[in-house]
Amino acid sequence: MVDVYGVTYGHSTYRWTFTRMVPYLIGILLGYLLFRTDRKVPDTPNTRKLMLFGWIVGTACALVALVTPFGAPDANLHSHLAWRTVDRTLYTAGVAWVVYACCVGYGVAQPVKGIEE
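Being a predicted model, the structure only gives us computed values, none of them experimental.

1. Here we look at the nonpolar core
- If you look at the biggest cluster of nonpolar residues, it comprises 10 residues: L30, L34, M51, W55, A96, W97, Y100, A101, V104 and Y106.
- Counting residues per element, the ones that place at least two in this core are helix 2 (18–36), helix 3 (47–71) and helix 4 (81–103).
- With four residues, helix 4 is the single largest residue contributor to this core.
- Apart from the residues lying within four places of it in its own chain, the contact partners of L30 are A96, V99 and Y100.

Spelled out as structure tokens, the structure:
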């Protein structure tokens, strides 16, 4: 096992099911949402604003999950089960947003196309 800050990674992460359950459920729900909506978003005046808001929130979630452990090295967040659960959920939410936005046509190229027009 990998030793992270004095605690084995397998013991602090894979021993408990709840540290992996929420990201799995987010993926299942995302797949169901894409299937039920046939990968289409209703065309309303607020769609572009909501998609931009989604990109901001999704990026923030992923960055918090990636940067926080390195911003607080004294806290030893890698060994806390609560942090292991939350960081996986935040990162999964950010990745799920990228997958959703790209599947419905609001990926990275879409905002750039809107700025050019």
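2. Considerations on the confidence of the model for the protein
- When pLDDT is averaged along the protein, the result is 79, and 68% of the positions lie at 70 or above.
- Within the protein, no element has a lower average pLDDT than helix 5 (residues 109–116), which sits at 52, and none a higher one than helix 2, at 89.

3. Some words on the side chain of T92
- Within the element layout of this structure, T92 appears in helix 4.
- Of the residues examined, T92 reaches a relative accessible area of 19% and is grouped as buried.
- The residues contacting T92, other than those within four sequence positions of it, are P23 and I26.

Cut-offs and rules
- Residues numbered from 1 in each chain as written.
- Predicted model: local features only at pLDDT ≥ 70, side-chain atom pairs only at ≥ 80, totals over all residues.
- Heavy atoms only, no water.
- Core = buried A, V, L, I, M, F, W, Y, C linked by side-chain atoms within 4.5 Å.
- Buried < 20%, exposed > 50% of the residue type's maximum accessible area, 1.4 Å probe, protein only.
- Helix = DSSP H or I, 4+ residues; strand = E, 2+ residues; numbered from the N terminus.
- Contact = heavy atoms within 4.5 Å.
- pLDDT = per-residue confidence, 0-100.

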